[in-house]
Amino acid sequence: MMELPIRYLSSVDVPDAFPVIDNACREPNGLLAAGGDLSRERLLYAYQHGIFPWYEDGQPILWWSPDPRCVLEPQHFHVARRFERWLRGASFVITFNRAFDAIVDGCAAQRMGQHGTWITAEIRAAYNDLNRDGWAHSVEVWHGDSLVGGLYGLAIGKIFFGESMFSRENNASKCAMLALCRELTRHEFNLIDCQVVSPHLLTLGAVAMPRAAFREILENACPEQTRFTGWPGGEVAVASLAPD
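Residues numbered from 1 in each chain as written. Predicted model: local features only at pLDDT ≥ 70, side-chain atom pairs only at ≥ 80, totals over all residues. Heavy atoms only, no water.

Colleague: Would you explain the sheet that holds strand β2 (residues 31-35) in this entry?
Modeller: Hydrogen bonds between backbone atoms are what pair the strands of a sheet, whose relative direction is either parallel or antiparallel. Reading across the sheet, the four strands line up as β1-β2-β4-β3 and stay open at both edges, with mixed pairing between neighbours. Only two strands of the sheet have a single partner each, and these edge strands are β1 (7-9) and β3 (52-53). (Pairing = 2+ DSSP bridges. Helix = DSSP H or I, 4+ residues; strand = E, 2+ residues; numbered from the N terminus.)

Right, dumping it as structure tokens:
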């Protein structure tokens, strides 16, 4: 049963009008507030303070900060032996920020029919704006000329806030995560925020972190809203990502 009341935000409330995240509900885990809008200023403040939007069509905007938090240290991405062998013969290539709109569409399409999708038209518009402003980023996986998977999220300071990923061929989203982790490790990022714990993410090296510890890392890793501009250009062969 939902714990009530939660804070209801108005679209005219200042971006930092959220309650402190320690006040989030225990059931449903992490529900913090409702309402407001998806302005750039509110979204950036939310992510920087451990809050993200997650809702479906027909619902108000719902804001969450679950405890524990699912996180992955980029240097600890787990490459299983079977996946390592597959990588060596893979013909996929990776790009960054080449097809952001198509990645968001792919993530939304994969979830259609699974009780709807939380990637609403409003969400798409907001994150496309964040991409154009240099905050939101995508990793694309290609098989020839076909987009077969990828992921998107936000980079603020030294934290990558993952939002969603999809696969149209086996291992495509896993390749996107591996490529992302390699780049973030190279640039000394602290964490990938995976938001909610899932068995699949745990197999990739993610862990469940207490919310208080996550908040402390955010305070040190993204104390200011700093864009990340270090993505490589061109294409990266997936086979080159196999461990030496």
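Colleague: I tried to follow unusual backbone geometry on my own but got confused; where do I start?
Modeller: For residues other than glycine, phi is negative in most cases, and the peptide bonds are mostly trans. Omega for the peptide link from Glu27 to Pro28 comes to -5 degrees, which places this bond in the cis form. Note that the residue after Asp67, namely Pro68, is joined by a cis bond; omega there is 10 degrees. Looking at the secondary structure, you find Pro68 in the loop between β4 (62-64) and β5 (69-72). Of note, Asn97 is a non-glycine position whose phi angle comes to about 60 degrees, a positive value. Here Asn97 is to be found in the loop between β6 (93-96) and α3 (100-110).

Colleague: Explanation requested: the pairing of strand β8 (residues 146-156) in the structure shown.
Modeller: The side chains of a regular strand alternate, first on one face of the sheet and then on the other. Within β8, 10 of the 11 residues are buried, which leaves it mostly tucked inside the rest of the structure. In terms of strand pairing, strand β7 (residues 136-143) meets β8 through eight bridges, oriented antiparallel. Looking at the pairing, Val139 lines up with Leu151 of β8. If you look at the hairpin formed by β7 and β8, you'll find two residues sitting between the two strands, and Gly144 has a positive phi there, around 65 degrees. Sheet analysis places β8 next to strand β9 (residues 159-167), joined by eight bridges and oriented antiparallel. Opposite Tyr152, over in β9, you have Ser164 as the bridge partner. Hairpin connection from β8 to β9: two residues lie between these consecutive antiparallel strands, with Gly157 at a positive phi of about 60 degrees. (Buried < 20%, exposed > 50% of the residue type's maximum accessible area, 1.4 Å probe, protein only.)

Colleague: Any chance you could explain the sheet that holds β5 here in plain terms?
Modeller: The eight strands are arranged β11-β5-β10-β9-β8-β7-β6-β12 in an open sheet whose pairing can be described as mixed. Each edge of the open sheet carries a strand with a single partner, namely β11 (207-209) and β12 (236-237). Taken together, the four bridges between β6 and β7 define a ladder with antiparallel strand orientation. Bridge pairing in β7 places Val93 opposite Trp142. Most of the contacts of helix α1 (residues 40-48) go to β8, to which it runs at about 80 degrees, and overall it touches β8, β9 and β10 (191-195). Helix α5 (residues 172-186) contacts β5, β6, β7, β8, β9 and β10 of the sheet and is inclined by roughly 160 degrees relative to β9. (Contact = heavy atoms within 4.5 Å. Axes fitted to C-alpha atoms, helices over the stretch in contact; angles between N-to-C directions.)

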